[in-house]
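Understanding the architecture of this molecule
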Amino acid sequence: MDSWRKHFEAKILDRGLDYYESKAVSIYSSSHDHVEAQVAGSIIYDVRINFDDGKITSMYCDCPYYDNCKHMAATLYHIEEHPELLKKQEDVFDMVLAMTPDELRAFLLEETIHNPDLANRLKLFKKMDVDEEYYISRLNASFSSSFEILKFMDEGFEELIRYGRYDLLFKLSKLLIDHINEELRYGEFSHLEDIVYRLDDITTQLRDVDEAHEGICDFLEYSITSSDDYLILDVLTDAMSRNGDMSRLFDGHDDELSC
């Protein structure tokens, strides 16, 4: 794991260490690329930390602190003392390779009947039509908190990117923008900056993917013209300018104009 302490103020590290040493951290999900934890403070807070080859790529906590918080630090102290949390499951890899085709088929048939998430991932893998309503319902369910939205983006959005389902990715992204705009009408929206910059990262990640180009343009145009929030306008207008021709925003939505 990288030198994670650089992401925190000294006083936050001290408080995080106190939380860790008091056994306030409970891990409830982990793999080589993420750890999810609950940290008991005045109430129980949810923390998610994402990794790429041991390096932190993003961190979220649903506490109200404006920056990297003591709950994140406490979780990282725990991970530092339990590096096995980030280990790849080599035994599973070897087990799958050792299975016969009949064993794999029997397992998949049994599991996909009871696991719609696995069934849809299998359809993505096979380039088949997926149940769009399933992904929409997953997104809608995440609206219970901005933390859950970020978690869905980490998992559901990345799943669609991995399998090239850019049409559904940007359809869901528009629904997310609609939800944010609706929430902003009634006040502030926590983690707004994290969510907007994550959307910006997605457009950057797919910038050179020809199959995603029109979806990016359409999503950015929709987001900019449908929102009054300065952060959304600032970040996604900048993304639009990086992706090409800004005149798309001002020419009556000419379908033949490429951004």
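Our subject is the structure listed above.
The structure reproduced in this document is the subject of the present report.

What counts as what
- Residues numbered from 1 in each chain as written.
- Predicted model: local features only at pLDDT ≥ 70, side-chain atom pairs only at ≥ 80, totals over all residues.
- Heavy atoms only, no water.
- Axes fitted to C-alpha atoms, helices over the stretch in contact; angles between N-to-C directions.
- Helix = DSSP H or I, 4+ residues; strand = E, 2+ residues; numbered from the N terminus.
- Parallel < 35°, antiparallel > 145°, perpendicular 65-115°, else oblique.
- Contact = heavy atoms within 4.5 Å.
- Nonpolar A, V, L, I, M, F, W, Y, C, P; charged D, E, K, R; others polar.
- Pairing = 2+ DSSP bridges.
- Expected span 1.5 Å × (residues − 1).
- Buried < 20%, exposed > 50% of the residue type's maximum accessible area, 1.4 Å probe, protein only.
- Core = buried A, V, L, I, M, F, W, Y, C linked by side-chain atoms within 4.5 Å.
- Patch = residues over 30% accessible without salt bridge, like charges linked within 9 Å, V, L, I, M, F, W, Y side chains within 5 Å.
- Areas by Shrake-Rupley, 256 points an atom, 1.4 Å probe, with all protein chains shown as cover.
- Salt bridge = Lys/Arg side-chain N within 4 Å of Asp/Glu carboxyl O.

What about the packing of helix α8 (residues 166–184) against helix α10 (residues 213–226)?
- The N-to-C vectors of α8 and α10 enclose an angle of 10 degrees; their axes lie 10 Å apart at closest approach. Relative to α10, the element α8 is oriented roughly parallel. Where α8 approaches α10, its residues Phe-170, Ser-173, Lys-174, Ile-177, Asp-178 and Asn-181 are matched on the opposing element by Gly-215, Ile-216, Asp-218, Phe-219, Tyr-222, Ser-223 and Ser-226.
- Considered class by class, the residues forming the contact of α8 with α10 number five nonpolar, five polar and three charged.

A few points about the side chain of Asn-120
- Locating Asn-120 in the fold gives a position in helix α5 (residues 116–125).
- Setting aside chain neighbours within four positions, we find Asn-120 in contact with Val-130, Asp-131, Tyr-134 and Tyr-135.

Points about the sheet that holds strand β4 (residues 55–61)
- Pairing is antiparallel in the open sheet, where four strands are placed in the order β1-β2-β3-β4. Of all strands in the sheet, those bounded by a partner on one side alone are β1 (25–31) and β4. Between one strand axis and the next, the sheet turns by 15 degrees as a mean value, whatever way the strands run.
- Packed on one face of the sheet, helix α2 (residues 70–81) meets β1, β2 (34–40), β3 (44–52) and β4 and runs near 55 degrees to β3.

As for helix α7 (residues 146–162)
- The terminal C-alpha atoms of α7 lie 23 Å apart, and with 17 residues this matches the ideal 24 Å at 1.5 Å per residue to within 8%.
- α7 sits mainly inside the fold: 12 of its 17 residues count as buried.
- Every buried residue of α7 is accounted for by Ser-146, Phe-147, Ile-149, Leu-150, Phe-152, Met-153, Asp-154, Gly-156, Phe-157, Glu-159, Leu-160 and Ile-161.
- Two residues or fewer past α7, Gly-164 is found with a positive phi of approximately 75 degrees.

Quick word on the nonpolar core
- With 41 residues, the main nonpolar core has Leu-169, Phe-170, Leu-172, Ile-195 and Leu-206 as its most contacted residues.
- Of all the secondary structure elements, the ones that give two or more residues to this core are α6 (132–142), α7, α8, α9 (192–205), α10 and α11 (230–243).
- Leu-172 has contacts with Tyr-135, Ile-136, Leu-139, Phe-152, Phe-157 and Leu-160, leaving out every residue within four places of it along the chain.

Examining a nonpolar patch on the surface
- A grouping of Phe-107, Leu-108, Leu-122 and Phe-125 is seen on the molecular surface, where their side chains present a nonpolar patch of about 370 Å² in accessible area.
- Mapped onto the elements of the fold, Leu-122 is located in helix α5.
- A relative accessible area of 33% places Leu-122 in the partly exposed class.

Some details on the environment of Glu-133
- Examined against the element boundaries, Glu-133 turns out to sit in helix α6.
- Looking at Glu-133, the relative accessible area reads 53%, which means it is exposed.
- In this structure, the C-alpha to C-alpha distance between Glu-133 and Arg-207, residues 74 residues apart in sequence, is 27 Å.

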